[in-house]
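Summary of structural features
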Amino acid sequence: MTSVRLTVVMPVYNEAAALSAVLGDITTHVLDSVTDCELLVVDDNSTDASTSILADAQSRDPRIRVLSNSANLGHGPSVRRGIDESTSEWILHLDSDGQFDLAEFPRLWELADDHDLVLGIRSERHDPFHRIVLTQATRALASVLSRHRVRDANTPFRLVRRSLFDHLRPAIPADTFAPAIAVVIGAYRSGARVTDVEVTHLARPHGRSTLRVGRLARAAATSALQTIVISSRRFSPFTAQSGSADA
């Protein structure tokens, strides 16, 4: 593929139970609906059947690329690697747990023409209580640091204009635990055009999150500290020419 309009970046770690269905949904609702589109999967050193499922998908569809981490780097660094390895005008960040209805993707895509960051807001969460509490804390922190009301700073269903990410890249280290939050804060602070749209959040169809309560608490503390450090930097103004987001 010589010209890519949209890259779907998706980190994967031990999601074999849901992965085939998620890949099918991405193919149907994104790859088949947008001209010049690819799926870039970052396998974060999975130990289940995810690796073989991804290898099979890549062999059957040239629009699917798989990168494999030699060690388990974590969600944030895997997302960052996928973005860094892509060259498309737009990036669609998705998680691999099947908790979004991708039939709603056009609702985000139709807003891309006039915006630089489009967030799919989980208005009704179907997650364990501790994750919902963490999301509320993240929302409060991001709102303070971005100087805007942020409804869902870490949503893994978002469109990011490539030029915006490139503009923010120097301020976001490659090992950032939650680069998605940093992008939201940087976008607001640099004057980018940010909007959001409510989307359907689904219960996890298989298995459980790999982050348990203890690990999640430690990760949240690390993420909060990193986010505060990132937000202390000066963000220069960002401007971008609107482009057509037609399929």
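Placed above this text is the structure.
Attention here is on the structure that accompanies the text. (Residues numbered from 1 in each chain as written. Predicted model: local features only at pLDDT ≥ 70, side-chain atom pairs only at ≥ 80, totals over all residues. Heavy atoms only, no water.)

Taken as a whole and judged by the stated rule, the model has 16 salt bridges. Measuring nitrogen to oxygen at the nearest pair gives 2.2 Å for the salt bridge that ties Arg5 to Glu89. Here Arg5, found in the segment before β1 (6–12), pairs with Glu89, found in the loop between α3 (75–85) and β4 (90–94); they are 84 residues apart in sequence, far enough to count as distant. Given a relative accessible area of 12%, Arg5 falls into the buried group. Judged by its relative accessible area of 32%, Glu89 is partly exposed. It is possible to trace a salt-bridge network through shared partners that takes in Arg5, Glu89, Asp116, Arg161 and Arg193. (Salt bridge = Lys/Arg side-chain N within 4 Å of Asp/Glu carboxyl O. Helix = DSSP H or I, 4+ residues; strand = E, 2+ residues; numbered from the N terminus. Buried < 20%, exposed > 50% of the residue type's maximum accessible area, 1.4 Å probe, protein only.)

Another aspect to go through is empty space enclosed by the protein. Under the counting rule described, the total for this entry stands at 1 cavity of 30 Å³ or more. What the largest cavity holds in volume is close to 70 Å³. Lining of the largest cavity is provided by Val79, Ile83, His93, Arg158, Val160, Phe165, Pro179, Ala180 and Val183. Listing elements by their share of the lining of the largest cavity, those giving two or more residues are α3, β6 (157–161) and α7 (179–189). Tallied by class, the residues present in the lining of the largest cavity amount to 7 nonpolar, 1 polar and 1 charged. (1 Å grid on protein atoms, 1.4 Å probe; cavity = no way out; pocket = protein on both sides within 12 Å on 5 of 7 lines; lining within 4 Å. Points joined across faces, edges and corners; volume = space filled by probe spheres on them. Nonpolar A, V, L, I, M, F, W, Y, C, P; charged D, E, K, R; others polar.)

On to the packing of helix α1 (residues 16–31) against helix α2 (residues 50–60), then. It is the contact of α1 with α2, at a shortest axis distance of 9 Å, that shows an interaxial angle of 20°. When the axes of α1 and α2 are compared, the pair comes out roughly parallel. Considering the relative orientation of α1 and α2, their crossing is right-handed. In this structure, α1 uses Ala16, Leu19, Ser20 and Leu23 to contact α2, whose residues at the interface are Ser50, Ile53, Leu54 and Ala57. Of the residues that constitute the contact of α1 with α2, the class distribution is 6 nonpolar, 2 polar and no charged. (Axes fitted to C-alpha atoms, helices over the stretch in contact; angles between N-to-C directions. Parallel < 35°, antiparallel > 145°, perpendicular 65-115°, else oblique. Left-handed = near helix turned anticlockwise from the far one by under 90°. Contact = heavy atoms within 4.5 Å.)

Put simply, the second largest pocket is a space of about 180 Å³. Taken together, 16 residues form the lining of the second largest pocket, with Val22, Asp97, Gly98, Gln99 and Phe100 sitting closest to its centre. Looking at the lining of the second largest pocket, the element that brings in the most residues is α1, giving 5 residues. Split by residue class, the lining of the second largest pocket holds 10 nonpolar, 3 polar and 3 charged.

Here the focus is unusual backbone geometry. Despite not being glycine, Asp36 shows a phi value in the positive range, around 60°. Looking at the element boundaries, Asp36 is found in the loop between α1 and β2 (37–43). You can call Asp36 partly exposed: its relative accessible area is 38%. Of note, the phi angle at Asn45 is positive, near 60°, even though the residue is not glycine. Take Asn45: its relative accessible area is 33%, and that puts it in the partly exposed class.

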